[in-house]
Amino acid sequence: MKHLLGLKDVSADEIKNILDTAEIMKKRLDEDIKKFDELKGKSVITVFFENSTRTRLSFELASKYLGANAANITSTGSSVAKGETLIDTVKTINMMAADILVVRHSSSGAPKLVSENVDCSVVNAGDGMNEHPTQALLDMLTIREKKGTISGLKVAIIGDVKHSRVARSNIYGLKKMGAEVVLAGPATLLPSQLEELGVRVYTDVEKAIDGADVVMGLRIQLERQRAGNFPTVREYSKLFGVNEERLRLAKPDAILLHPGPVNRGVSLRAK
Ligand code: CP
C-alpha cells in the first residue's frame, strides 16, 4: 500500500497487519521507550487544512518517536492564506523531498486528489464527510485490546452518522473484521444508503444499544451541516445522547468509545 486514503479498499488482512504492528509499537511506548529508527531518514509533513488536536499531534509525535524528520503546515500559517491552491501547495512540499504527507481537509476526496499530484505517500487524516481511517484503526485497536477480538461483537454507533467520517471508516473496517455494526440517530442524520453497507439502522437509540459490546458516541458535526436537522441541541441530546441509563442496556462489560472532540452534556451526558 503506497497510500492510506480510507478503509473502504483495505482488506481484513491489511487491517490485521496494521493492528498487529500498532500493538507492538504501543507496548514500546508503555515501556517508556520513545526513540526508534523505523522512519530514520524519512520526512513526514502533516498538512492540516482543518483544526485538530489528537490526529495532528499523534502523527507528529509518532513520526518523531520513529526517527523521522517531522514538520507541519496549516492553512492559516501557510501560503494557502495568500490564495495558493491545494495542488500547488502539496506539489511544493513534494519537491522538498517529502516522503509522507498526512493530509486533513474539509473537502471529501482532497487526500486522493493530493495523492494523484505527488510522488510521496499520502495518509488521509480526515477528509470532509468521507473517511478518517486512522481514527477507525485506533478504535479497532482499542476494541481488540479490551475485548480480545472484533469478530462477532455488536458495535452501536450513535449520533450524527451522516456527517461523520469516523463512522464511515469504522463501518468499513469493523464490517471487514467481522463485527455487527448498528447505527442510531435522528432520521435526518442517517443517510439512506448506509443499509447497503450491511449495517442495521435505527432511529431509536435504545434498540441500537441493546446488547451491544461496544457503544460509540459521535459529536454533532455542526461545521458540516445546515440548520434544520434537529429542533435544538438540547432536544437532540435528550433523544440521542448516550447516557448512563441507555448504557445499562448494553452488555455489562460493554465499553464506551468516542473519537473526540467530545461536546460534554450533548453526545455524552450523565442522565
Ligand atoms: N478524533 C479526531 O480526529 O480528533 P481531532 O479533530 O482533534 O484530530
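Above this text you will find the structure in question.
Bear in mind the structure is a predicted one, so any value in this text is a computation, not a measurement. (Residues numbered from 1 in each chain as written. Predicted model: local features only at pLDDT ≥ 70, side-chain atom pairs only at ≥ 80, totals over all residues. Heavy atoms only, no water.)

Participant: When you look at the layout of surface pockets in this model, what are you seeing that I'm missing?
Facilitator: The gaps of empty space that remain are located by a probe, the size of a water molecule, rolled over the atoms. Roughly 1700 Å³ of volume is contained in the largest pocket. What lines the largest pocket is a set of 43 residues, among which Ile-18, Ala-22, Phe-59, Ala-62 and Thr-134 lie closest to the centre. Elements with a contribution of two residues or more to the lining of the largest pocket: α1 (12-30), α2 (54-65), β3 (100-105), β4 (121-127) and α5 (133-147). In terms of residue count, α1 provides more of the lining of the largest pocket than any other element does, 11 residues in total. For the lining of the largest pocket, the per-class residue count stands at 23 nonpolar, 12 polar and eight charged. Two domains share the lining of the largest pocket, each providing at least three of its residues, namely domain 1 (34-127) and domain 2 (133-257). (1 Å grid on protein atoms, 1.4 Å probe; cavity = no way out; pocket = protein on both sides within 12 Å on 5 of 7 lines; lining within 4 Å. Points joined across faces, edges and corners; volume = space filled by probe spheres on them. Helix = DSSP H or I, 4+ residues; strand = E, 2+ residues; numbered from the N terminus. Nonpolar A, V, L, I, M, F, W, Y, C, P; charged D, E, K, R; others polar. Domains from an automatic or database assignment.)

Participant: Would you explain the packing of α5 against helix α6 (residues 165-176) in this entry?
Facilitator: Packed helices, taken two at a time, are described by the angle between their axes plus the distance between the axes. Taken N-terminus to C-terminus, the directions of α5 and α6 make an angle of 55 degrees; their axes are 8 Å apart at the nearest point. Taken together, the axes of α5 and α6 lie oblique to each other. Considering how the two elements wind past one another, α5 and α6 form a crossing that is right-handed. Across from Pro-133, Gln-135, Ala-136, Asp-139, Met-140 and Ile-143 in α5, the residues of α6 making contact are Val-166, Ser-169, Asn-170, Gly-173 and Leu-174. Residue composition of the contact of α5 with α6, by class: six nonpolar, four polar and one charged. (Axes fitted to C-alpha atoms, helices over the stretch in contact; angles between N-to-C directions. Parallel < 35°, antiparallel > 145°, perpendicular 65-115°, else oblique. Left-handed = near helix turned anticlockwise from the far one by under 90°. Contact = heavy atoms within 4.5 Å.)

Participant: Just checking my understanding: could you explain the site of the ligand for this structure?
Facilitator: Around the ligand, a shell composed of Ser-52, Thr-53, Arg-54, Thr-55, Arg-104, His-132, Gln-135, Pro-259 and Gly-260 is seen. In the model, an oxygen atom of the ligand is placed 2.8 Å from a nitrogen or oxygen of the Thr-53 main chain. Contact with the protein chains hides 92% of the accessible area of the ligand, taken as 260 Å² for the molecule alone. Within the shell around the ligand, the residues separate by chemical class into one nonpolar, six polar and two charged. (Near = heavy atom within 4 Å. Polar contact = N/O pair within 3.5 Å; in protein donor to acceptor, adjacent residues only side chain to side chain. Areas by Shrake-Rupley, 256 points an atom, 1.4 Å probe, with all protein chains shown as cover.)

Participant: Quick question: what am I supposed to make of helix α3 (residues 86-94) here?
Facilitator: In an α-helix, one full turn covers 3.6 residues, which means residues spaced three or four apart are oriented alike. Taken residue by residue, α3 has Leu-86, Thr-89, Val-90, Ile-93 and Asn-94 as its buried positions. Take α3 and look down its axis: the buried residues cluster within an arc of 135 degrees, on one side only. (Buried < 20%, exposed > 50% of the residue type's maximum accessible area, 1.4 Å probe, protein only. Arc of directions from axis to C-beta.)

Participant: Which parts of the structure should I look at to understand the side chain of Thr-89?
Facilitator: Position of Thr-89 relative to the elements: it lies in helix α3. Among the polar contacts made by the side chain of Thr-89, one reaches the side chain of Glu-84 at a distance of 2.8 Å.

Participant: Explain the pairing of strand β1 (residues 43-48) to me, please; I cannot follow it from the model alone.
Facilitator: As a general feature of sheets, a regular strand has side chains that alternate between the two faces. For β1, a buried count of six out of six residues is recorded, marking the element as mostly surrounded by other parts of the structure. Burial along β1 is two-sided: Ser-43, Ile-45 and Val-47 facing one way and Val-44, Thr-46 and Phe-48 facing the other are all buried. Both β1 and strand β2 (residues 69-74) contribute to a ladder of six bridges, which runs parallel. Directly across from Ile-45, in β2, lies its bridge partner Ala-71. In this region the chain leaves β1, passes through α2 and returns to the parallel neighbour β2; the handedness of that crossover is right-handed. Relative to β3, β1 is paired through five bridges, and the arrangement is parallel. Bridging from a neighbouring strand, Phe-48 pairs with Arg-104 of β3. (Pairing = 2+ DSSP bridges. Right-handed = clockwise from strand over helix to strand, strands pointing away.)

Participant: What should I look at first to understand the nonpolar core in this one?
Facilitator: Nonpolar side chains in soluble globular proteins tend to end up buried together. With 38 residues, the main nonpolar core has Leu-7, Met-140, Ile-143, Ile-150, Ile-157, Leu-174 and Leu-183 as its most contacted residues. Looking at which domains feed residues into this core, each of domain 1 (34-127) and domain 2 (133-257) supplies at least three. Counting residues in hydrophobic clusters, the runner-up holds 19 residues, among them Ala-184, Tyr-202, Ile-209 and Ile-220. (Core = buried A, V, L, I, M, F, W, Y, C linked by side-chain atoms within 4.5 Å.)

Participant: What exactly am I supposed to notice about the packing of α1 against α5 here?
Facilitator: Where α1 contacts α5, the two axes come as close as 10 Å, and the packing angle between them is 70 degrees. For the element pair α1 / α5, the angle class is roughly perpendicular. Residues Ile-15, Lys-16, Ile-18, Leu-19, Asp-20, Ala-22, Glu-23 and Lys-26 of α1 touch α5, and the partners they reach there are Leu-137, Met-140, Leu-141, Arg-144 and Glu-145. Of the residues contributing to the contact of α1 with α5, the split by class is seven nonpolar, no polar and six charged.

Participant: Even after reading the chapter, I still don't get the sheet that holds strand β7 (residues 200-202), so can you show me in this structure?
Facilitator: Within a beta sheet, neighbouring strands are joined by backbone hydrogen bonds and run either parallel or antiparallel to one another. Pairing is parallel in the open sheet, where five strands are placed in the order β7-β6-β5-β8-β9. Each of the sheet's edge strands pairs with one partner strand only, and the pair in question is β7 and β9 (255-257). On average, adjacent strands in this sheet sit at an angle of 20 degrees to one another, irrespective of strand direction. Of the strand pairs in this sheet, strand β5 (residues 154-158) and strand β8 (residues 214-217) are connected by four bridges, and their pairing is parallel. Each residue of the ladder has a partner; that of Ile-157, found in β8, is Met-216. Of the strands in this sheet, β8 and β9 touch α5, which is tilted by about 165 degrees from β9.

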